[in-house]
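Architecture at a glance
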Amino acid sequence: MNSQAIGPLLGGFLTVVRGWRAIFWFISIFGSSIFIAFIFLFKDAFMKECSSTYQSVLKQHIQNAPEPPSQDADASITADKSNAVVDVEKNVEVETVDLSQVEATANLSITDVNPIKPLRLILRRKNNLLVLVISGISFAYAFVIAYATAQTLETTYNYSPLKIGLVTLSFGLVVHLVAFWAAGGLTMNLHS
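Here the structure is a predicted model, which means the values were calculated and not measured.

Moving on, we come to the overall build of the chain. Scanning the chain from N- to C-terminus turns up eight helices and two strands. Listing each helix as α and each strand as β along the chain from the N terminus yields α-α-α-α-β-β-α-α-α-α. In the chain, buried positions account for 11% of the 192 residues. The contacts of the chain with a sequence gap of at least 6 include a subset with a gap of at least 24, amounting to 61%.

Put into structure tokens, the structure is as follows:
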């Protein structure tokens, strides 16, 4: 959201001072520094126990592993029931995997990761699809406004890139004000 307010102004300043290539140098240096900071400063918060992919790999290893002989059939039934977790969203009991049995032998590979299934689950819900479509339309609208403004002000009125950045700064500030206004109204509705 800040890029709509600051981007055109910074881009116009860099263009006036160093030429149009300075924008791309700035983006390359800034992006590289963020990437390097991400590599060295980001602490991974991935927990295997919460990963559905890891859980499915563990289930496959448990199913393929030879089962130890059990002394009592009733004890195994109660053990299976104690290992079940209730899925609150679907109101269904879902069996979890005991990690101590096969954790050392189960390793994830690239073949275990399937991005299509989670994407299908996300897009299956109408509210998620609606949010994605509205976000895409608003991004396209903001891009078209900034591009059309820059082209019109440069060709028709002979504005410099810095002046174009100052003009489009007002558009970015209005976008910020509308976003804060909408967020304030939304939180007021949620609290009442």
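On we go from here.
With that settled, the discussion passes to the packing of helix α1 (residues 2-18) against helix α2 (residues 21-41). For the pair α1 and α2, interaxial distance at closest approach is 7 Å and the crossing angle is 120°. Relative to α2, α1 is oriented oblique. Considering the relative orientation of α1 and α2, their crossing is right-handed. Counted together, Leu 10, Gly 11, Leu 14, Thr 15 and Arg 18 of α1 and Ala 22, Ile 23 and Phe 26 of α2 form the full contact between these two elements. Looking at the contact of α1 with α2, its residues break down into five nonpolar, two polar and one charged.

What follows deals with the UniProt feature "transmembrane region" (unreviewed entry) in the chain. In the numbering used here, UniProt assigns the "transmembrane region" (unreviewed entry) feature to residues 22-42, 129-150 and 162-183. With 100% helix and 0% strand, residues 162-183 has its two end C-alpha atoms placed 31 Å apart.

Residue placement: Thr 168 occurs in helix α8 (residues 161-191). Residue class for Thr 168 comes out buried when judged on its relative accessible area of 5%. Among the polar contacts listed, one links the side chain of Thr 168 to the backbone oxygen of Gly 165, at a separation of 3.2 Å. In contact with Thr 168, not counting residues within four places along its chain, are Gln 4, Pro 8 and Thr 149.

On the surface, Ile 6, Leu 10, Phe 13, Val 16, Val 17, Phe 26, Ile 27, Phe 30 and Ile 34 cluster together to form a nonpolar patch covering roughly 830 Å² of accessible area. For the nonpolar patch, the secondary structure elements donating two or more residues are α1 and α2. Here the nonpolar patch takes five residues from α1, the largest share from any one element. Inspection of the secondary structure puts Ile 6 in helix α1.

What counts and how
- Residues numbered from 1 in each chain as written.
- Predicted model: local features only at pLDDT ≥ 70, side-chain atom pairs only at ≥ 80, totals over all residues.
- Heavy atoms only, no water.
- Helix = DSSP H or I, 4+ residues; strand = E, 2+ residues; numbered from the N terminus.
- Buried < 20%, exposed > 50% of the residue type's maximum accessible area, 1.4 Å probe, protein only.
- Contact = heavy atoms within 4.5 Å.
- Axes fitted to C-alpha atoms, helices over the stretch in contact; angles between N-to-C directions.
- Parallel < 35°, antiparallel > 145°, perpendicular 65-115°, else oblique.
- Left-handed = near helix turned anticlockwise from the far one by under 90°.
- Nonpolar A, V, L, I, M, F, W, Y, C, P; charged D, E, K, R; others polar.
- UniProt positions renumbered as here; feature names shortened; annotations may be inferred.
- Polar contact = N/O pair within 3.5 Å; in protein donor to acceptor, adjacent residues only side chain to side chain.
- Patch = residues over 30% accessible without salt bridge, like charges linked within 9 Å, V, L, I, M, F, W, Y side chains within 5 Å.
- Areas by Shrake-Rupley, 256 points an atom, 1.4 Å probe, with all protein chains shown as cover.
- Salt bridge = Lys/Arg side-chain N within 4 Å of Asp/Glu carboxyl O.

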